[in-house]
Structure formats: C-alpha cells, structure tokens
Amino acid sequence: MLHQLLTWIIALALTLSTTLLPIAPASANPVQTENVEVQLISEVINIQPGTPFWVGLHFNINPGWHTYWRNPGDSGLGATLNWNLPPGFEVGDIVWPYPQRLPLEPLMNFGYEEEVTLLSQITPPANLATPDSLQLRVKADWLVCEVNCIPEEGTFNLTLPITSRPPLVNQQWVNLFEQARQALPKPSPWKVTVTIEPKDLTLQVEAPEMEEAQIQEVIFFPHQDGIISNPAPQNPELNQDGITLRLQRGYLRKLDPITGVLVIRESLDNQSVVQAFTIEAAVSNEIGKTAATPTQPRWQVLLLALLGGIILNLMPCVFPVLSLKALNIVQKSQKSPQQVRRHAIAFTAGILVSFTVVASVLLILRSLGQQIGWGFQLQSPVFVTLMAYLMFAVGLSLSGVFIFGASIMGIGQRLTTRSGYIGEFFTGVFATVVATPCTAPFMATALGVALTQSVPIAIAIFEMLGLGLALPYLAISFTPGLQRILPKPGAWMETFQQLLAFPMYAATAWLIWVLAQQTGTNGLAAALAGLILIAFATWLHQKTRLLPPLGKHLGSICALVALGFSLSLAQVSSTTPTPLTHNQNQGIKWQAYTAKRLVKLRQSGSPVFLNFSASWCITCLVNERVALNQPETIAAFESKKIALLKADWTNRDPAITKALESFGRSGVPLYVLYPGDSEFTKPIILPQILSPDQVQRAIKKL
C-alpha cells in the first residue's frame, strides 16, 4: 500500500510539474509603429516532438490604414516572413485569410483593414530532447498604407518549452486563432469553369442550391496579378444553375489554369455571412483557340491601323526618314518602272518585317508580365544612345564626310541591283525605328485593341500599320503619273543631299536631350564623347581609304577601335542613375503623377488634367508647346482651378503603363480631363493632336 501510494504521489508531482512548468508566454513582444501593432503569437503553450503546431503574425491596424494580401492588386506588397529555426524544423507558407477590395482610383488593391492574423504551421522533428525549450525567430516585412505607403519590418522571438506531453492550447489566443480560421478560404464544393474571350473572362460556378435572394455580393480575387483588370466592376449573375461572374481581362495572355479566391456574401437569418472558397479551374477556350470576335469589328480596327500608318508619315519623328525618301524617289524617277516598283516593294518589306519584330517582342514581353507599350525601346538609354549614333552617322554621310555605309541607307548613286534592294530594305527598317516615338491619330485605338487580341490578329494590326507607313511611297512608285511630276535629277541634288543632313543632326540633338532626361549629366557626357569618337572614326576612314594597303588597313583598324569605344560609352550612359530634374514646359507647373495623388485630388473635388507624356515622344512635346503652354490655355486651367498632373513615361514605369491600359491605350500621348464634380464618373479624353481651342473648349464644359 505504501509503495503504491508513493508511486501515485510521484506521478501526480510529475504531472503537475509538467502542467505548471514555468514557461514563457506564447507570444513575442509586439512591434509597435505609428500605424500598426504586430505580434507573433502561438496557439499552444508547449510543443511536443513531431507534433505540428500553429503560430500567427497578428496585425492591429490603425483606422484608415491597410496592409496587403498575397496578390496586392494594382499596387502594394504582401507581408513576407523569413524564419530562423533550428535544424529539423519545417515551416509552411503563409496561410492567407480572404482579402477585401481597397479602391484607390484608378487602381484597385487587395488587402486588410483593422486587423488580420497570418497563420503558419511549424512541424518540429520527432527526435527533440525533452524537457527543453525552443526559440522561434522570424523577421517580418510588411507595407502599411493610407494615401502614402510606409515599408515596415520587425524581428520577433518566441520561446516555447518542449515536453513529452501533447501541446496545450493557449487560452489567451483561442479567439484570435478561431477568427483567423473562419477567414481562411475553403476548397470549393462546386465545379467551376472558365471561359476566355478577347476582352472578358467568365467564371461559371455550378451551385444550383444557391438562392438568389440571399446573395449580396460575389467577388473573385485572383492569386496572380494580370488575370483580371482589378479596378473593373465584377458583375455576377445568378440563375438556377448557379453563379456567372463576368470579369474584364488583365494584361496576361496565358491564363490556364485560373486560381484564386471566390468570396460570397450572403444574408442568412437577417445576418450578413461571408464565405470564401479557393478555386482552380482549367480554361475551356483559351484565346487563340476560339473564334470569339472582338467587340469592335476587326475590319474597322485594321482600317484604323492603316489610316494611322498613313498619317504617321506626317508626324515630326518621321521627318528625317522622309527626307531620305524624298531624295531616293528623285534619284530613281528616271529608272525603269519595274526597277522603281521592285525598290518600293523592298522598302515596304523592310517596314513590314520591322513591325513584325517590334510587335513580337512587345507581345512576348507583355506575356511575361512586363508593363510596356508602344515605343518601349526608347525607354532604354542604350537604345536611345545607339539611335543618336545612327542619326549622326547618316548626317555625316549626307554631308559628304564619308561614303562607307551609304548603301545601308539606300542613298548611294552607284549601287548594283542587289545592294540597292538591300539598301531599300534597311531604309524601311530605319523608317520603322524612327517612327516608334510617335503615335498618330487612329493609331492609339488600333494598338490598344491589338494588345488584347490573339497573336495572329495582333500581328495583322501591326502589319496594317506598317503598310500605311509605306503606302505613300508605294503609291508614287506604282503610279507613273505621279512620277512624271517629280523634279528631274541634276546638280541640285548634291546640294539637296547635303541640306538633308541637318534634319539628321536635329534628330541627333533631340535624342541626346532625351538621354539627358533619362540618365543625367554623366550620361549626356558619355554620349557626346561617343559622337566625337564616331566623327573621328568616319573622318579617319575617309582620309585613309585611298592610301596604300598598309595605311588603309591601319586607318580602318583605328576607326574600328574608335567605334568600339563609342559603343562602350553607350553602355556607360545607361548606368547613370541620376536623371535630370526638369520641367519640360516652363509655362505650366506640372505635378508628378501618382495614383494616390490623383485619388486625393478627386476626393477633394478638384478637377484634374492628366498629361501622359514622354521626352522621346515628339508629338507630346509639340502638343505641350503648341496647345498646352499657351497663355490662353494656362489662364483657362487657372480659372477652373484645375490640378495639372504629368505621367512621365520617359523611363519605364509599370504604374503609368497600367494607368494607360485602363484607358485602352498602349502608348503616349494621352490627355485626360477629370471633372471636379464627383457625380461625373467618366473622364473626358482629348484628341492626340491638340490645339489650344480644343483644350479650352473641353475646360469650358466643366
């Protein structure tokens, strides 16, 4: 009896010692900032070897502020956790509660307000020694936003005892963990199918048991950005078969499968109840595999592209290449009609091939998630520098400094038939390259549609644009009557050729100015040094080309070395991270565009004029000089107290690209006038080619 009594006493003592073991509280010291309090908490007060347990990062968020979901939407950043655990421990990914929509016009974000707990499961190894203790250590980074956003971080340490007994629940955090689990999406009990159209995405949820009267709201949150247009309204339709949710497509082309969270708000027993379900659905008819037609007839889009290409010939950026073609047409006016036509076809082929390459690169990069649009290559300082070099070299050739390479531009006078065709082809390439900084009327609509279509349709639209650019030259080459009115070749052509060098020098100066806006004074200095080296190389080549072989070869080698150094300077110019701070238009004091600034101005009731522009867009610069920076226009802006914002797209900016896409555009210029009255939901879109009267009339309508 005494032995048994002693055994029971010892067992009771061991039990009490384990249960009442002095342990650290199952929470880490909270990190308190001005906007949020963050704390690492544990669901258990002790851990058992081999038994998984849950911890949570709990956010208490100040009113008006928010943090972000795993897919933050159009802006923002979800929280990240970097765990530091002993060997053998495994930690799962963050388990995210369903988010809410956080509108920030014209953007839409996904995240959390007030409070949220991000759960993670930790599995200890089975061979842990007991009794012992475990220190959990995690570094967390998060972004908290109101109108402005503040990146914050914290390091959390949490100590838990290791025992041989099963884990005990920490009663202090029972309610928080229960609330967190109620907000976790559950696997969908229904079959979900997805239908893809050129502009829309339709989710079909087969839930016939749902009662239409009870459904208050249905929202889809995709796991990946770019599947849908986040700000676009989501329009659910309920019928006897379930829910049909029609969504506007985003920028991604590859959409198989579709994964995300479907949030359904219902009215049950006079209470609003929210349920969230994870869905994964295969696409039933991916774009490109279906005969779905765009909302605008394709023939109209192709016609707009053709007209836009024709008008592109009148844009300022194409003037340099038009100068070359004017000389080229006169030179060939006395040749046989067949040869003139073949040259025109070669020139057109160069344009069409170049537009195919540009379109393909643009579509590939966008399918990979890059936020780019028409003229994207001019957002690269290296490309701008090389373009300036090319324009400068063509100018030197036209000035007679050197002859080598003239066939590439199609301007030689003693070319064989073969080299002449090659020259015409590369003249077409050159025309395409110099045309990309401009957007002509009708082009914006055609390009916007092209980026929402299947690859074959998109390429066809770009090809029609190229055909429009080549059409005037084709018309002259295939119409003998037009050729007869051209001036006759003569001695005047040499003077005319030299005169045409100056548009090339002007284009060089403009490109160097664009580079200065992108890279600053150091980039400017590197590019100017490169131009000097090119001038030296061309002069040296011309001076030594008639020398004996040794001198000729030595001159060529030195010229190539100089060109090599100039190309290396092009790369140097792109590494300068300090663009010039400037105000392109001294008459108007522009504010830099941000989505938050636009929202704040509109919420205050202020009318806003938003100017999407870029330093390399000549049309933009001409519009600012001719229409916007005029005393009458400035006075009209001031009379209505219009806030003036500029979205400068000179360098790549995904936020500006998304804003352009929200208006169905893929390039600049774009001019948007927001009325101050909040009752007006649709902004006024002004034409791409502005006049002072057009702007002032639009302002008077406010």
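The model shown is predicted, which means the values in this text are computed figures rather than measured ones.

## Section: the environment of Leu-77
As for its placement among the helices and strands, Leu-77 is situated in the loop between β4 (66–73) and β5 (80–84). A relative accessible area of 55% means that Leu-77 is categorised as exposed. C-alpha separation for the pair Leu-77 and Pro-151, spaced 74 residues apart in sequence, amounts to 9.1 Å. Among residues more than four places away in sequence, those in contact with Leu-77 are Tyr-68, Pro-72 and Leu-143.

## Structural notes on the sheet that holds strand β20 (residues 591–592)
The strand order across the open sheet formed by 5 strands is β20-β22-β21-β23-β24, and the pairing between neighbours is mixed. Whereas interior strands pair on both sides, the edge strands pair on one side only; in this sheet they are β20 and β24 (684–686). In terms of strand pairing, strand β21 (residues 608–613) meets strand β23 (residues 670–674) through 5 bridges, oriented antiparallel. Within β23, the position partnered with Leu-610 by the bridge is Val-672.

## With respect to the sheet that holds strand β14 (residues 200–206)
Strand pairing in a sheet relies on backbone hydrogen bonds. The paired strands run either parallel or antiparallel. What the 4 strands build is an open sheet, ordered β13-β14-β17-β16; its pairing is antiparallel. This sheet does not close on itself; its edge strands, each paired only once, are β13 (191–196) and β16 (235–239). Strand-to-strand twist across the sheet, computed as the mean angle between neighbouring axes with direction ignored, equals 15°. Pairing of β13 with β14 involves 6 bridges; the strand directions are antiparallel. The residue of β14 that forms the bridge with Val-194 is Leu-203.

## A closer look at helix α18 (residues 654–662)
Here α18 has its buried residues at Ile-656, Thr-657, Lys-658, Ala-659 and Leu-660. Where the residues of α18 are buried, they touch β4, β21, β22 (643–648) and β23. At the N-terminal boundary of α18, the capping side chain belongs to Asp-653, with an oxygen 3.0 Å from the backbone nitrogen of Ala-655. At the exit of α18 stands Gly-664, carrying a positive phi of roughly 75°.

## Description of the pairing of strand β2 (residues 36–42)
Burial of β2 is extensive: 6 of the 7 residues sit out of reach of the surface. Note that strand β1 (residues 31–32) and β2 share 2 bridges and pair antiparallel. Note that in β2 the partner of Gln-32 across the bridge is Glu-37. Here 7 bridges tie β2 to strand β3 (residues 53–61), and the two strands are oriented antiparallel to one another. Note that in β3 the partner of Ile-41 across the bridge is Gly-56.

## Here we look at the nonpolar core
By size, the foremost hydrophobic cluster in this structure holds 64 residues, and its most contacted members are Tyr-593, Phe-609, Leu-610, Phe-612, Leu-628, Phe-637 and Val-668. Among the elements that make up this core, the one with the highest residue count is helix α6 (residues 381–398) (9 residues). Grouped together as the second largest cluster of nonpolar side chains are 40 residues, Trp-65, Leu-118, Leu-134 and Ile-219 included.

## Comments concerning the side chain of Glu-43
Following the sequence through the fold, Glu-43 ends up in the loop between β2 and β3. Polar side-chain contacts of Glu-43 include one of 2.8 Å to the side chain of Arg-181.

## Observations regarding the packing of aromatic side chains
This structure, assessed with the given rule, holds 12 aromatic pairs. Aromatic pair Phe-502 and Tyr-505: ring centres 5.8 Å apart, planes at 80°, arrangement edge-to-face. Of this pair, Phe-502 and Tyr-505 both sit in helix α12 (residues 501–519), 3 residues apart, which is roughly one turn of the helix. You can call Tyr-505 partly exposed: its relative accessible area is 23%. Between Phe-536 and Trp-539, the ring centres sit 6.2 Å apart and the planes meet at 35°, which makes this aromatic pair tilted. Separated by 3 residues within a single helix, Phe-536 and Trp-539 lie in helix α13 (residues 521–544), roughly one turn from each other.

## As for a nonpolar patch on the surface
The grouping of Trp-299, Leu-303 and Leu-307 at the surface amounts to a nonpolar patch, some 300 Å² of accessible area in total. Structurally, Leu-307 can be placed in helix α3 (residues 298–312). Classification of Leu-307 by relative accessible area gives partly exposed; the value is 33%.

## Considering the confidence of the model for the protein
Averaged over every residue, the pLDDT of the protein is 78; residues scoring 70 or more account for 78%. Long-range and interchain partners of residues 5–25, a stretch whose pLDDT sits below 50, account for 10 contacts in this model, where long-range means more than four residues apart.

## Some points on the pairing of strand β10 (residues 132–145)
Relative to β10, β5 is paired through 5 bridges, and the arrangement is antiparallel. For Leu-81, the partnering residue across the bridge sits in β10 and is Ala-140. Direction of pairing for β10 relative to strand β11 (residues 149–162): antiparallel, over a ladder of 14 bridges. In the sheet register, Lys-139 faces β11, and the bridge partner there is Thr-155. Linking β10 back to β11 in an antiparallel pair, the connection comprises 3 residues.

Conventions used here
- Residues numbered from 1 in each chain as written.
- Predicted model: local features only at pLDDT ≥ 70, side-chain atom pairs only at ≥ 80, totals over all residues.
- Heavy atoms only, no water.
- Helix = DSSP H or I, 4+ residues; strand = E, 2+ residues; numbered from the N terminus.
- Buried < 20%, exposed > 50% of the residue type's maximum accessible area, 1.4 Å probe, protein only.
- Contact = heavy atoms within 4.5 Å.
- Pairing = 2+ DSSP bridges.
- Axes fitted to C-alpha atoms, helices over the stretch in contact; angles between N-to-C directions.
- Polar contact = N/O pair within 3.5 Å; in protein donor to acceptor, adjacent residues only side chain to side chain.
- Core = buried A, V, L, I, M, F, W, Y, C linked by side-chain atoms within 4.5 Å.
- Phe/Tyr/Trp six-rings, centres within 6.5 Å; stacked < 30°, edge-to-face > 60°.
- Patch = residues over 30% accessible without salt bridge, like charges linked within 9 Å, V, L, I, M, F, W, Y side chains within 5 Å.
- Areas by Shrake-Rupley, 256 points an atom, 1.4 Å probe, with all protein chains shown as cover.
- Salt bridge = Lys/Arg side-chain N within 4 Å of Asp/Glu carboxyl O.
- pLDDT = per-residue confidence, 0-100.

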